[in-house]
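Here is how the chains run, residue by residue.
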Protein chains: 2
Amino acid sequence: MQRREAVLALTGIAPVVALAGASKAASPKNDLARRVRRVVDLYAAAWNSNDMTAMAALYTPDVHWVNVVGMHWQGRDEVDYAHRALFDQMFRGVNSTLEEVESVAPLPGGGAVAVARWAVATYRTPSGQISPASRTRMSLTLVPHGDRLLIAHGANITIVEGAQRSDPVRQRRERKSS
Amino acid sequence: MQRREAVLALTGIAPVVALAGASKAASPKNDLARRVRRVVDLYAAAWNSNDMTAMAALYTPDVHWVNVVGMHWQGRDEVDYAHRALFDQMFRGVNSTLEEVESVAPLPGGGAVAVARWAVATYRTPSGQISPASRTRMSLTLVPHGDRLLIAHGANITIVEGAQRSDPVRQRRERKSS
């Protein structure tokens, strides 16, 4: 027992601060962030081990996906088929590193919508072009399934690095901090 | 009264087919599609009349948005500020035409996640580059708010037209139909 807790116990004063801390750690918001992070980590592990069966286990049956070039696949069969084909063609061994889960917003019914930022290594497209190392922002709409979250929708956007300096919100933030 | 219905009425057989049709029209799935279409139509109207106040009225307070070049804005203030700035810089008078709501999937709690395909007219970026006429796929995560749906998340991806012929699902579909 720490000294502060011992004093509280002796005085009979409820350890409000300690309880508040514990309550925050286990708050619904923190719990949701933890569950989103779990899905994202499993996605990263599936991607980097080229394990499409593990990746498909993260999808709902009616998952929809829009990839970086705007292909739209509807339903688990299509999303799984497309990912297997693209991994065979170009993504096998191409590392994808999670940089940050930038946002987690709760949805009614226990789901969440989150944006994760990834760094993707260079790869060669089916048409033979080299795609240089890049970053993407992946939007994930997640729904509860037992104590897990599953991916109901994914949309993955390549970050055009040169355009970021024109971001009005970033410019406003820089003006405020300067 | 059509002949078939008259026969059914005379024989006392319930017009199952007609009822099934009526039931389908008012089904929860069709109702959700209709409500999603309403938001998308309001979004189109707001875009094409450069009415950022009408656009912001479609957002939840904690809306997040990732735009076509991967800028990520968090919360209604940022999403609204960014859209006003980008309309002032480049989108005013640039028409955006809804081609199709390609998918509507229900979410727990009465929401939906949908993908809408848009045709966007040519515009000039802040750095002076001409963006030619293009199409995008916009993913919208929508949550109920009274009898309306509001946008909790948007992610808008430019369709790279040249890459679509490499879509594994499209190729499989073409093989099946040939």
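Quick note: structure is the one above.
As the structure is a computational prediction, the values presented were derived from the model and not from experiment. For every chain, the first residue of the written sequence is number 1, and numbering continues from 1 along that sequence. Each chain gets a letter, beginning with A, and each ligand a number, beginning with 1, in the order they are written. Only residues with pLDDT of at least 70 are given local features in this predicted model, and only at 80 or more are side-chain atom pairs given and counted; all residues enter the totals for whole chains, interfaces and linings. The basis for the side-chain values is all heavy atoms of the structure; hydrogens and waters are excluded.

1. Some points on empty space enclosed by the protein
What counts here: Of the two site types, the cavity is a set of points on a 1 Å grid over the protein atoms alone where a 1.4 Å probe fits but cannot get out, and the pocket is an open set with protein on both sides within 12 Å along at least five of seven lines, each lined by residues with an atom within 4 Å of a point. Grid points are joined across faces, edges and corners, and a volume is the space filled by probe spheres set on the points. Here the nonpolar group is Ala, Val, Leu, Ile, Met, Phe, Trp, Tyr, Cys and Pro; Asp, Glu, Lys and Arg are the charged ones; every other residue, Gly included, is treated as polar.
In total, this model carries 1 cavity of 30 Å³ or more according to the counting rule given. By volume, the largest cavity is sized at about 40 Å³. Split into classes, the residues belonging to the lining of the largest cavity amount to 7 nonpolar, 2 polar and no charged.

2. What about the side chain of Thr136(B)?
Residue and element names in this part refer to chain B. Selection criterion: Going along the chain from the N terminus, every DSSP run of H or I of four or more residues is numbered as a helix, and every run of E of two or more is numbered as a strand. What qualifies as a polar contact is a pair of N or O atoms within 3.5 Å, subject to a donor-acceptor requirement within protein and to the restriction that residues adjacent in sequence count only when both atoms come from side chains. Throughout, a contact is declared for two residues whenever any of their heavy atoms are within 4.5 Å.
Within the fold, threonine 136 resides in strand 7 (residues 134–145). In this structure the side chain of threonine 136 is engaged in a polar contact, spanning 2.9 Å, whose partner is the side chain of asparagine 156. Ignoring anything within four residues of it in the chain, the contact list for threonine 136 reads Val68, Ala116, Arg117, Trp118, Val120, Asn156, Ile157, Thr158 and Ile159.

3. Looking at the nonpolar core
Stated precisely, the cut-off is as follows: The definition of a nonpolar core used throughout is a set of buried Ala, Val, Leu, Ile, Met, Phe, Trp, Tyr and Cys residues joined through side-chain atoms within 4.5 Å. Exposure classes here rest on a 1.4 Å probe applied to the protein chains alone. A residue is buried below 20% of its type maximum, exposed above 50%, and partly exposed in between.
If you look at the biggest cluster of nonpolar residues, it comprises 39 residues, and the most contacted ones within it are Tyr43(A), Met55(A), Trp65(A), Trp73(A), Trp118(A) and Ile151(A). Listing elements by their share of this core, those giving two or more residues are helix 3 (28–48), helix 4 (52–56), strand 1 (59–66), helix 5 (76–91), strand 4 (112–120), strand 7 (134–145) and strand 8 (148–158) of chain A. At 8 residues, the largest contribution of residues to this core is made by helix 3 of chain A. Non-local contacts of Trp73(A), meaning those with residues more than four positions away in its chain, are made with Val63(A), His64(A), Trp65(A), Asn67(A), Glu78(A), Val79(A), Ala82(A), His83(A), Leu86(A), Asp167(B), Pro168(B) and Val169(B). Grouped together as the second largest cluster of nonpolar side chains are 38 residues, Val39(B), Trp73(B), Tyr123(B) and Ile151(B) included.

4. Topic: unusual backbone geometry
All names here are of chain A. Positive phi outside glycine occurs at asparagine 50, with the angle close to 55°. Here asparagine 50 lies in the loop between helix 3 and helix 4. Under the relative-accessibility criterion, asparagine 50 is labelled partly exposed at 22%.

5. Points about the relation of the copies chain A and chain B
Superposition of the two copies of the chain requires a rotation about an axis together with a shift along that axis. Using the following cut-off: In this comparison the copies share one frame, found by least squares on the C-alpha atoms of residues holding pLDDT of at least 70 in both.
Placing chain A over chain B gives an RMSD of 0.0 Å and needs a rotation angle of 180°, together with 0.0 Å of translation along the axis. Both chain copies can therefore be described as sitting about a two-fold axis. Closest approach to the rotation axis among the C-alpha atoms of chain A is made by Gly109(A), whose C-alpha sits 2.2 Å away. The overlap is high: 100% of the interface residues of chain A also sit at the interface in chain B, so the same surface is used on both sides.

6. Digging into the interface of chain A and chain B
Frequently, the measure chosen for interface size is the accessible area that the parts lose on association. Where we set the bar: Two parts placed together each lose some accessible area under a 1.4 Å probe, and adding up what both lose gives the buried area. The salt bridge criterion pairs a side-chain nitrogen of Lys or Arg with a carboxyl oxygen of Asp or Glu, the two atoms within 4 Å.
In this assembly, 49 residues from chain A lie in contact with 49 residues from chain B. Interface area, chain A with chain B, both sides summed: about 3,800 Å², of which 64% is carbon and sulfur. Area buried by chain A at its contact with chain B is led by Tyr81(A), Ile157(A) and Pro168(A), which between them contribute 15% of it. At the junction of chain A with chain B, the criterion picks out 4 salt bridges. The salt bridge partner of Arg172(A) is Asp77(B), with a shortest N-O separation of 2.9 Å. Across the chain A-chain B interface, the total number found is 19 residue pairs in polar contact (both at pLDDT 80 or more).

7. Quick word on the sheet that holds strand 1 of chain A
Residue and element names in this part refer to chain A. Note the cut-off: We treat two strands as partners when DSSP finds at least two bridges between them. For helices, the fitted line uses only the C-alpha atoms of the stretch in contact; every axis is such a line through C-alpha atoms, and the angle between N-to-C directions lies from 0 to 180 degrees.
One open sheet accounts for 6 strands, arranged 2-1-8-7-4-3; its pairing is mixed. The open sheet has two free edges, formed respectively by strand 2 (72–74) and strand 3 (96–106), since each of these has just one partner strand. The mean inter-strand angle of the sheet, taken between neighbouring strand axes irrespective of direction, is 20°. Where strand 1 and strand 2 come together, 3 bridges link them in antiparallel fashion. Directly across from valine 66, in strand 2, lies its bridge partner histidine 72.

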